[in-house]
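# Residue-level structure breakdown
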Amino acid sequence: ATPEAPLPEVWKYPGFGKKEDSAHKEAAESMCKSLDNWLHEEVKLVGARTVPGLTERIVDLLSVSPAITFAIKHKIPLQILQARYMLLISKSAEIRVLWFAFITDKVKAGAKSGPFVLKLLSSNLNCEENEPVLIYSARRTKETQMCAIISKAAEQMQAGIRNDEWEALENL
């Protein structure tokens, strides 16, 4: 989501033509380069620049590792369902990763959702800080579709993107 397109859009890398291609180093490097170019262009639209290492920091947070590390640290069963990652770019070129997923306290085979929704929001990644901070919240939900959870957070995402007002999203 960006100031020009404040609602999340699905981004699919066009370079993976075959399933087995995703394991190739060249394809992964090409994907990172494509993301890097896109980031530079989007940040340029708001009259700013990206910091060195930004793409690598984003890719690290878009992997499953932070969620698994978080779950282990907080003793959450490793049944993480319908995980969705979003990249948010504000008008002042703050760039954050937002992650939602259903979690449960009782692992069930074949589960599609859980009774809790977990949200992780990164600190601004387009700065010189060494380590990004992840702000989290978890709450009970009756929703079973992640798209409904994300739709309900649209206003808070737009406040962050348009005005750098991240507090409402942090406390969602």
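Provided above is the structure to which this section pertains.
The present account deals with the structure reproduced in this document. (Residues numbered from 1 in each chain as written. Predicted model: local features only at pLDDT ≥ 70, side-chain atom pairs only at ≥ 80, totals over all residues. Heavy atoms only, no water.)

## Observations regarding the pairing of strand β2 (residues 95-103)
Here β2 lies mainly inside the structure; 9 of its 9 residues are buried. Across 7 bridges, strand β1 (residues 81-89) lies against β2 in antiparallel orientation. Bridge pairing in β2 links I89 to I95. In textbook terms, the turn of a hairpin is the stretch between consecutive antiparallel strands, and for β1 and β2 this stretch comprises 5 residues, one of which, A93, has a positive phi near 75°. In this sheet, strand β3 (residues 116-122) lies alongside β2 in antiparallel orientation, the contact comprising 6 bridges. Paired with I103 across the strands is F116, a residue of β3. (Buried < 20%, exposed > 50% of the residue type's maximum accessible area, 1.4 Å probe, protein only. Helix = DSSP H or I, 4+ residues; strand = E, 2+ residues; numbered from the N terminus. Pairing = 2+ DSSP bridges.)

## Let's talk about helix α1 (residues 25-45)
Taking 1.5 Å per residue, 21 residues should reach 30 Å; α1 reaches 30 Å between its end C-alpha atoms and fits that length. Turning to α1, its buried residues are A27, L35, L39, E42 and V43. For α1, the angular spread of buried residues about the axis comes to 135°, placing them on one side. Across from the buried face of α1, at angles greater than 90 degrees, the exposed residues are E26 and K44. Considering only its buried residues, α1 is in contact with α2 (54-61), β1 and β2. At the C-terminal side of α1, G47 shows a positive phi close to 75°. (Expected span 1.5 Å × (residues − 1). Arc of directions from axis to C-beta. Contact = heavy atoms within 4.5 Å.)

## Considering a nonpolar patch on the surface
On the surface, a nonpolar cluster with roughly 230 Å² of combined accessible area is contributed by L62, V64 and Y85. The class for Y85 is partly exposed, based on a relative accessible area of 32%. (Patch = residues over 30% accessible without salt bridge, like charges linked within 9 Å, V, L, I, M, F, W, Y side chains within 5 Å. Areas by Shrake-Rupley, 256 points an atom, 1.4 Å probe, with all protein chains shown as cover. Salt bridge = Lys/Arg side-chain N within 4 Å of Asp/Glu carboxyl O.)

## As for the pattern of salt bridges
For the structure shown, the criterion picks out 3 salt bridges. Its salt-bridge partner being R96, residue E94 comes within 3.0 Å of it at the nearest N-O pair. R96 carries the same exposure label as E94, and that label is buried.

Don't take any of this as a statement about function, it's just geometry.
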